[in-house]
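Report on the structure
For reference, the chains in residue letters:
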Amino acid sequence: MITLRQDSQGFIRMNRHFPASAAVSITFTDGTQEVLTGKRLNQVYDEALAAYRAENQLDAKGFSRGPRKKVHPGIEFVAVRPGMAE
């Protein structure tokens, strides 16, 4: 089981996918705890990554097709909230 703790802004550190069958326990700032599957958490990560890429005008692979400038290639923190296991 993988154990994660939500920070004060509502995020967990996640910079990669977890194994789909893994059980991931998240302790939220309000003290509640929830167990999610790796598959569900990977879906949340993919949604956050898609939103990041859209905000930064990147294509589906994370490349900028506009003028050259330094862009962070991905995300490292994912927003979570109680009740996401459904």
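Rules and cut-offs
Starting from 1, residues in each chain are numbered consecutively following that chain's sequence as written. Local features are withheld for residues below a pLDDT of 70 in this predicted model, meaning they are given only at 70 or higher, and side-chain atom pairs are given and counted only at 80 or more; totals for whole chains, interfaces and linings count all residues. Hydrogens and water are ignored here; the side-chain numbers use all heavy atoms of the structure. Nonpolar cores are built from buried Ala, Val, Leu, Ile, Met, Phe, Trp, Tyr and Cys residues. Side-chain atoms within 4.5 Å join them into one set. Summary of the burial criterion: residues with accessible area below 20% of their type's maximum are buried, those above 50% are exposed, and those between are partly exposed, where the area comes from a 1.4 Å probe applied to protein chains only. Helix and strand labels come from DSSP, where a helix needs a run of H or I of at least four residues and a strand needs a run of E of at least two; each type is numbered from the N terminus. In what follows, residue pairs with any heavy atoms lying within 4.5 Å of each other are defined as contacts. In predicted models, pLDDT denotes the confidence assigned by the predictor to each residue on a 0 to 100 scale. As used in this structure description, the phrase polar contact means that two N or O atoms lie within 3.5 Å; if the pair is within protein, one of them must be able to donate a hydrogen and the other to accept it, and residues adjacent in sequence are counted only when both atoms belong to side chains.

**A closer look at the nonpolar core**
Leu4, Ile12, Ile26, Leu41 and Val78 are the most contacted members of the largest nonpolar core, which has 18 residues in total. Element by element, the count of residues in this core is highest for helix α1 (residues 38–55), at five residues. In this structure, isoleucine 12 is in contact with Leu4, Arg5, Gln6, Ile26, Leu41, Glu76, Phe77, Val78 and Val80, ignoring residues within four places of it in sequence.

**A short note on the confidence of the model for the protein chain**
Mean pLDDT over the protein chain stands at 84; residues scoring 70 or higher make up 87%. Within the protein chain, strand β5 (residues 77–79) has the poorest average pLDDT of any element, 84, and strand β3 (residues 23–27) the best, 94.

**Topic: the side chain of glutamine 6**
Checked against the element boundaries, glutamine 6 lands in the loop between β1 (2–5) and β2 (11–13). Within polar-contact distance, the side chain of glutamine 6 engages the backbone oxygen of glycine 10 at 3.4 Å. One polar contact links the side chain of glutamine 6 to the main-chain amide nitrogen of threonine 29, over a distance of 3.1 Å. With residues near it in sequence (within four places) discarded, glutamine 6 still touches Phe11, Ile12, Thr27, Phe28, Thr29 and Val80.

**Brief notes about the side chain of threonine 27**
Inspection of the secondary structure puts threonine 27 in strand β3. For threonine 27, a relative accessible area of 14% translates into the label buried. The residues touching threonine 27, leaving out its near neighbours within four places in the chain, are Leu4, Arg5, Gln6, Thr32 and Gln33.

**Some details on the environment of glycine 74**
In this structure, glycine 74 sits in the loop between α1 and β5. According to the relative accessible area criterion, glycine 74 is buried, its value standing at 16%. Each C-alpha atom, one on glycine 74 and one on leucine 49, is 6.9 Å from the other, the two residues being 25 residues apart in sequence. In contact with glycine 74, not counting residues within four places along its chain, are Leu49 and Tyr52.

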